[in-house]
Structure formats: C-alpha cells, structure tokens
Amino acid sequence: MSTVIKNGTIVTADLSYEADVLIEGGKIAAIGPDLSGDEVLDATGCYVMPGGIDPHTHLEMPFMGTYSSDDFESGTRAALAGGTTMVVDFALPSPGQGLLDALKMWDNKSTRAHCDYSFHMAITWWDKQVFDEMETVVNERGITTFKHFMAYKGSLMVNDDEMFASFRRCAELGAVPLVHAENGDVVAELSAKLLAEGNTGPEAHAYSRPPQVEGEATNRAIMIADMAGVPLYVVHVSCEESHEAIRRARMQGKRVWGEPLIQHLTLDESEYFNADWDHAARRVMSPPFRNRQHQDSLWAGLASGSLSCVATDHCAFTTDQKRYGVGDFTKIPNGTGGLEDRLPMLWTYGVGTGRITPNEFVAVTSTNIAKILNVYPRKGAVLVGADADLVVWDPEKTKTISATGQQSAIDYNVFEGKQVKGLPRYTLTRGRVAVADGEMKPQEGWGEFVKRPPNGAVNRALSSWKALTAPRAIERAGIPASGV
Ligand code: URP
Ligand code: ZN
Ligand code: ZN
Ligand code: ZN
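Numbering of residues starts from 1 in every chain and runs along the sequence as written. For naming, the first written chain is A and the first written ligand is 1, with later ones following in the order written. In keeping with the model being predicted, local features are shown solely for residues with a pLDDT of at least 70 and side-chain atom pairs are shown and tallied solely at 80 or more, while totals for entire chains, interfaces and linings include all residues.

Student: Quick question: what am I supposed to make of unusual backbone geometry here?
Tutor: Note on backbone geometry: most residues besides glycine have negative phi, and most peptide bonds are trans. Across the junction of S286 and P287, the peptide omega takes the value -10 degrees, indicating a cis bond. Counting from the N terminus, the helices are DSSP H or I runs at least four residues long and the strands are E runs at least two residues long. You can see P287 is positioned in the loop between α10 (277-281) and α11 (292-304). Look at the link from Y376 to P377: it is a cis peptide, with omega at 5 degrees. If you trace the backbone, P377 turns up in the loop between α14 (358-372) and β17 (390-400).

This is the structure in structure tokens:
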C-alpha cells in the first residue's frame, strides 16, 4: 500500500517548496506535483518536514536509587505525539559491568519502542575490557558514540586520564565522544558545603552547579578531545560559559558540537525559588535552569550555528520519586521530561518569535544530528530513498501544555500552562501513520534499532589532519633516532 501526502510545503534544512510526497515500503518513493497513492493525507496549510530526532533520552534508566518512569513504550509514544520519530538513548553500564552486558539490558527494554531508535554507549569506568569491547560496540553493533560523565562523582563520573584514554580509543575506531560537562569534584564540594549550612531544598541544587563548573568542564573536554584527535559533542549546554568554550573552539577549527535542551531555552532558574517544594524539585536536573542572559546566549547559538542540535535529555521522575530528596537536595533524582513538547515549544518560542527560521528549526531538531550520527540522509531528510519518518506540521494548531492527557507516564509537566502554536497534524514512522489529528495510533514494537556506521566525514577529515601534523622524529646526522 502506498501513501501520498498532498498539498503541503516541504520544509527541509536548506529548502522550502510545494510538492507532494509519495511513500512506498516505508521509504520516500517520489517527490513532485500531482502524485497519487492508495491513502491520501491532506497537508493543506501545513509544512512537511523530516520527523524530529531526539539525540538525548534516558528511558527506564537506573539512576539515583530508582528508574526513570518513562520507558521505551511511553517515551517513544510521547515522542511521536510531538512529531519526533527517532530517539537515541544511553546504554549505561554500572561501574564494573561490561559494555556488551549492559547492551543486552537496553536491547530488552527497547523491544517495546513505537519509533526507530539508536543507542549511545556510556563509559562509566575504564580498563582493558572496556577498551576491547568498544570495538565490538562500534563495528558489530553500530553504536558509534560514547558518553562520558564529568559529574556524578562516586557513581558515573570518569576522571581525565580515563577520558583521555577513551577519547583516543574513539579516535582509533572512528567514533565520537560525548560529554556531560560539569566539574564533578567542585559540585561535590559545593553540595556538601550547602548541606552543612542548612541549604537542603531544591534551590540549593542550582547553587551547587554554577555556570563556572560547566564552562570549566566544557573547555577541559574540548582540549582533551583536541589532544586525542577526535571530534566532540557536548550534551545539555545550558550557559554562556559552556557555549563560549564551544564557540571559541569552533572558530579555531576544532570539531565540536553543542546541544542545548528545550528546557534550558524556555525555562529559567526562578523555577527553583517556587515556594512549593514539589514544583521546584520536579525541575531539578543537571545542569540546572539558568537566567535570561544564558537563555539569550543559547538562542543566539542556534541562530548563528555555534550550537547545533536541540534535545530533551528526557529523564522523567514522578513527584513521589522526586520526594526521595526531601531534606537533602542531593537525593532528588535529576532529570526532566520533554519528548512530547520539544518540537511545539521550539517552534513556538523559536520560529514563532523570529529567533530561528523554519529551515533552521529542521536543522536543529533533525538534520544536523542525523549528519553527526552518520545516518543522513536515511534519517533527517525529505529525499527519495530516505526513510519516511515525517511530520506534517500545522503552524496554526494550538494547545495549552498540560500533564492531563500527555503520553508521558509521570504526573506533571515542566511546561504546564505554556501555550504552543504549531503542532503535528500527522506523524509518520517509516511510512506508518502513528498520529493523525491528535489521535494516537501507536504500535508497540514497531520501532527498529538504527545501526550507524563509524568514520563519518568529520572523523575522516580530522584524522587526515592529525596524521599530517603528528609528531615526527627529526633525523640528525650521527645520532640514531632510536637512542641505541
Ligand atoms: O539531570 C539530568 N540531566 N539527568 C539525566 C542524566 C544526565 O545527566 O544526562
Ligand atoms: Zn547529563
Ligand atoms: Zn507548581
Ligand atoms: Zn542525559
């Protein structure tokens, strides 16, 4: 059976034009005027865009003594409801656990996915087993991105020597390291001091992680990546200090990408000063929300190209889970949701205000990350032969965001009460209509794992340059280079 999307305007990262889209066998079969098919989806007044790719989710993640409450079932259902058609989740070995062993757990969890997905692998400890298994992860499993936590001291954090070793291994394998950039040692000291002084509430979470801890760690990771000869992707960039380090590095020709979250773009630190403990604790995440000056910096980064992708870091905990931290803010599970709301919020506050164009919207929600992950143009494109992961976007459709009726399993929404204008009319996952005019047509288990090839163009270019500029011994007459 074929499907045709008619009367819409195709909007990609570089072009907007009127055309119909014909879908056969889950892929885009033709683009042009007056196409016909068995099933017709009317896109009059709508934009036909590549479905969103969320490169940063934590579904059913074991963390801080509990599990995040959205799993691959509810999480990917939420994604589709908001126009996102692929998620990349983090496989997280507990310290001492093998990478392949952890992957089995993520393989089991992800069988329920409604949309396509991939994994990043986290490096949470370091020895020969990890070094060896990285090769299998890349070459056999098609997982080419490795996450390093520079924070969460005592659990997930890795030190600089481990990070440098892992980054060099990534360079050899044609993989890309990711960092959660916060100085975990300083965070631990500041947290202990705040607690000792009686600052136990959720607002102290923000005080324990000032922008400097993020700026320092971002710059450190960039320099370590440069010495290792590997590109770097910085997740959840929340502040000017971190953005500044990324901007500077990019201007120097370093291959660094920065990922702001929709939460940091649209919510600020005043949330933590709310008199209602639950309200504040529900918004505890790392890095914390910042003030207006930092938000302006992130928006400028998206407009100017110094920041590349907008993600959610979707890691949803219920109010009951957040209450583990009553009396001690360091025990509040860190994380917020956003999968269903990322595209409508970014459209409303980005395109709706004129801060970014519709084409830039597609770039930062889909195409840029597809290129970084080396899955473009299978994903992130409206081109013949690409997967028909598409969203038919109605720029006039409005709603007020509310936990009531959301797909996420948790009992609140950090965007509660926000008015959005711009929502999916249809979301298609490999040609299958999963959302039609707000009605969910989910199919558990439909989602497929997306294998990614290593050695993307940027890795190849960087390793050519590093080989050309590598240290070389100088031949000197009468003095053997080997020292023998
Ligand atoms: O607070 C956050 N961001 N929770 C999820 C884990 C992480 O650090 O990305
Ligand atoms: Zn993180
Ligand atoms: Zn409230
Ligand atoms: Zn995360």
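Student: Quick question: what am I supposed to make of the UniProt feature "domain: Amidohydrolase-related" (unreviewed entry) in the protein here?
Tutor: The residues that UniProt annotates with the feature "domain: Amidohydrolase-related" (unreviewed entry) are residues 47-420. Secondary structure content for residues 47-420 is 40% helix and 16% strand, and the end C-alpha separation is 16 Å. UniProt positions are given in the numbering used here, feature names are shortened, and annotations may be inferred rather than shown by experiment.

Student: Can you walk me through the site of ligand 1 in this structure?
Tutor: Contact assignment follows one rule, namely that a residue is near a molecule or strand if its backbone-placed C-beta atom lies within 6 Å of it. Inspection of the region around ligand 1 gives H58, H180, M285, S286, D313, C315, N334 and G335 as its neighbouring residues. Charged means Asp, Glu, Lys or Arg here, nonpolar means Ala, Val, Leu, Ile, Met, Phe, Trp, Tyr, Cys or Pro, and polar covers whatever is left, Gly included. In terms of residue class, the shell around ligand 1 is built from 2 nonpolar, 5 polar and 1 charged.

Student: Got a minute to help me understand the packing of helix α7 (residues 211-228) against helix α8 (residues 240-251) in this structure?
Tutor: Helices that pack against each other are described as a pair by the angle of their axes relative to one another and the distance between those axes. The N-to-C vectors of α7 and α8 enclose an angle of 20 degrees; their axes lie 7 Å apart at closest approach. Our classification of the angle between α7 and α8 gives roughly parallel. In this structure, α7 meets α8 at a crossing whose hand is right-handed. Seen from α7, the contacting residues are P211, Q212, E214, G215, T218, N219 and I222; seen from α8, they are E240, E241, S242, E244, A245, I246 and A249. Axis lines are fitted to C-alpha atoms, over the contacting stretch for helices. Their N-to-C directions set the angle, which ranges from 0 to 180 degrees. What sets the label is the angle itself: under 35 degrees gives roughly parallel, over 145 gives roughly antiparallel, 65 to 115 gives roughly perpendicular, and the rest give oblique. With the far helix as reference, a near helix turned anticlockwise by less than a right angle produces a left-handed crossing, and one turned clockwise produces a right-handed crossing. It is the C-beta atoms, placed from the backbone, that decide contacts: two residues are in contact if theirs lie within 7 Å.

Student: Where do I start with the nonpolar core in this structure?
Tutor: General note: in soluble globular proteins, nonpolar side chains tend to be found buried as a group. By size, the foremost hydrophobic cluster in this structure holds 128 residues, and its most contacted members are V48, A221, L232, V234 and V392. Throughout this description, the term nonpolar core refers to a group of buried Ala, Val, Leu, Ile, Met, Phe, Trp, Tyr and Cys residues whose C-beta atoms join them within 7 Å. Any residue with 12 or fewer other C-beta atoms within 10 Å of its own C-beta is exposed, any with 20 or more is buried, and the rest are partly exposed; the C-beta atoms used are placed from the backbone. Counting residues in hydrophobic clusters, the runner-up holds 9 residues, among them A204, A206, A281 and I332.

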